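A closer look at the structure
Listed below are the residues making up each chain.
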Amino acid sequence: MAQRYPINEIFQTIQGEGLFTGVPAIFVRLQGCDVGCPWCDTQHTWTVSPDRETNLNQVTDKSDTSDAWANATTAEILNEFIRLGYQANHVVITGGEPCMYDLRELTQALAVQGYQSQIETSGTYEVLVDDAAFVTVSPKVKMKGGLVVRPDALLRANEIKHPVATEKDIDALDALLAQCKWTTPPQVCLQPISQKTRATQLAMETCIARNWRLSIQTHKYLGID
Ligand SMILES: C[S@@+](CC[C@H](N)C(=O)[O-])C[C@H]1O[C@@H](n2cnc3c(N)ncnc32)[C@H](O)[C@@H]1O
Ligand SMILES: Nc1nc2[nH]cc(C(=O)O)c2c(=O)[nH]1
Ligand code: SF4
Ligand SMILES: [Mg+2]
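Cut-offs and rules
Residues numbered from 1 in each chain as written. Chains lettered and ligands numbered in written order. Predicted model: local features only at pLDDT ≥ 70, side-chain atom pairs only at ≥ 80, totals over all residues. Heavy atoms only, no water. UniProt positions renumbered as here; feature names shortened; annotations may be inferred. 1 Å grid on protein atoms, 1.4 Å probe; cavity = no way out; pocket = protein on both sides within 12 Å on 5 of 7 lines; lining within 4 Å. Helix = DSSP H or I, 4+ residues; strand = E, 2+ residues; numbered from the N terminus. Buried < 20%, exposed > 50% of the residue type's maximum accessible area, 1.4 Å probe, protein only. Contact = heavy atoms within 4.5 Å. Polar contact = N/O pair within 3.5 Å; in protein donor to acceptor, adjacent residues only side chain to side chain. Near = heavy atom within 4 Å. Areas by Shrake-Rupley, 256 points an atom, 1.4 Å probe, with all protein chains shown as cover. Sits in = over half its atoms within 2 Å of the grid points. Points joined across faces, edges and corners; volume = space filled by probe spheres on them. Nonpolar A, V, L, I, M, F, W, Y, C, P; charged D, E, K, R; others polar. Phe/Tyr/Trp six-rings, centres within 6.5 Å; stacked < 30°, edge-to-face > 60°.

**Concerning the UniProt feature "binding site: S-adenosyl-L-methionine" (unreviewed entry) in the chain**
Mapped onto the present numbering, the UniProt feature "binding site: S-adenosyl-L-methionine" (unreviewed entry) falls on Trp-39, Cys-40, Asp-41, Gly-96, Ser-138, Pro-139 and Lys-140. Checking the annotated residues one by one, the ones that line the largest pocket turn out to be Trp-39, Cys-40, Asp-41, Gly-96, Ser-138 and Lys-140. If you trace the backbone, Trp-39 turns up in the loop between strand S2 (24–30) and helix H1 (56–59). Looking at Trp-39, the relative accessible area reads 35%, which means it is partly exposed. Apart from the residues lying within four places of it in its own chain, the contact partners of Trp-39 are Lys-140, Pro-163, Ile-193 and Ser-194.

Written out as structure tokens, the structure reads:
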């Protein structure tokens, strides 16, 4: 039986974060996350509630954020891109926590159809994706229930996009980086949490000192999805 993915929303916009900032992208947001970051900007995706299941056309290009979700196969997801006339060839799979699901079928099909896929993950689950997928791991400092960033997820990362509020977040990142033995180290980006002035200042200063990249959530400054 074909794998199904719980879809919170599908929409086309500009990638607002990380190394691909500015790239037109189709976003596929999956429902479900048990990491519980207190500052998470997508808390409506945390719970997969059976009584909030709906049809796929209700969650594509939806105008508001909601916890409604639709189960869809890879073929149905790809058909939605065509039906909606999307032109972007970069596809961002995010959530929620997309790596709660086996993403190999979806990312392999995207590659066959000529799309480049990018996964946004916290690194708390095994990253099951096509070899060609670009993986962005966003480690979290203190996670609920003792969840940790998996070393294998960090090793698969093409980019580490670390959320920053205070110095302790930089220290936690340094400790993580010291543990990993990469042959090609991933790009490190610092992303200030919730556009806070102090966090942005700290992230900028640290990026300059370490030669890292600053990732501001440009879509929030632009007022787009
Ligand atoms: C909503 S998460 C979904 C994907 C996955 N669960 C993760 O955490 O990477 C997407 C990205 O948004 C970041 N993020 C979430 N809330 C944020 C906030 N308030 N300020 C800055 N970044 C935030 C996360 O760290 C992650 O890089
Ligand atoms: N424009 C835009 N860029 C993004 N980059 C990562 C996002 C996410 O929620 O994972 C996101 C998002 O929600 N919107
Ligand atoms: S892991 Fe991602 S989706 Fe889950 S709570 Fe944290 S920021 Fe939100
Ligand atoms: Mg977002």
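**Side note on the environment of Thr-42**
Looking at the element boundaries, Thr-42 is found in the loop between S2 and H1. In this structure, the C-alpha to C-alpha distance between Thr-42 and Asp-67, residues 25 residues apart in sequence, is 9.7 Å. Once residues within four sequence positions are removed from consideration, Thr-42 is found in contact with Arg-29, Gly-95 and Gly-96. A polar contact of 3.5 Å, which involves the side chain of Thr-42, links it to the backbone oxygen of Gly-95.

**Brief notes about the site of ligand 2**
In the neighbourhood of ligand 2, the contacting residues comprise Thr-13, Ile-14, Gln-15, Gly-16, Glu-17, Phe-27, Arg-29, Thr-94, Glu-120, His-219 and Asp-225. Backbone polar atom of Gly-16 to a nitrogen atom of ligand 2: 3.0 Å apart, as the coordinates give it. Side-chain polar atom of Thr-94 to an oxygen atom of ligand 2: 2.7 Å apart, as the coordinates give it. Considering ligand 2 on its own, with 330 Å² of exposed area, one finds that the protein chains cover 91% of that surface. Mapping ligand 2 onto the cavity grids shows that it belongs to the largest pocket. If you list the elements that add at least two residues to the shell around ligand 2, you get strand S1 (4–14) and S2.

**A word on the layout of surface pockets**
A volume near 910 Å³ is recorded for the largest pocket. Together, 44 residues line the largest pocket, and Glu-17, Arg-29, Asp-41, Thr-42 and Gln-217 are the ones closest to its centre. Going through the elements one at a time, S1, S2, strand S5 (116–121), strand S7 (159–164), strand S8 (187–192) and helix H7 (218–222) are the ones with two or more residues in the lining of the largest pocket. Among the residues making up the lining of the largest pocket, the classes are represented as 13 nonpolar, 19 polar and twelve charged. A volume near 220 Å³ is recorded for the second largest pocket. Those elements that place two or more of their residues in the lining of the second largest pocket are S7 and helix H5 (167–179). Across the lining of the second largest pocket, the residue classes tally to eight nonpolar, one polar and four charged.

**Brief notes about the packing of aromatic side chains**
Counted under the stated rule, the structure contains three aromatic pairs. Geometrically, the ring pair formed by Phe-11 and Phe-27 is stacked, given 5.2 Å between the ring centres and 15° between the ring planes. Taken together, the positions of Phe-11 in strand S1 and Phe-27 in strand S2 put the pair 16 residues apart, joining distant regions of the chain. Residue Phe-27 is classed as buried on the basis of its relative accessible area of 9%. Where Phe-81 meets Tyr-115, the ring centres are 5.6 Å apart and the plane angle is 75°; that geometry is what we call edge-to-face. Linking Phe-81 in helix H2 (residues 74–83) with Tyr-115 in the loop between helix H3 (104–112) and S5, this pair joins segments that are 34 residues apart in sequence. When sorted by exposure, Phe-81 lands in the same class as Tyr-115, which is buried.

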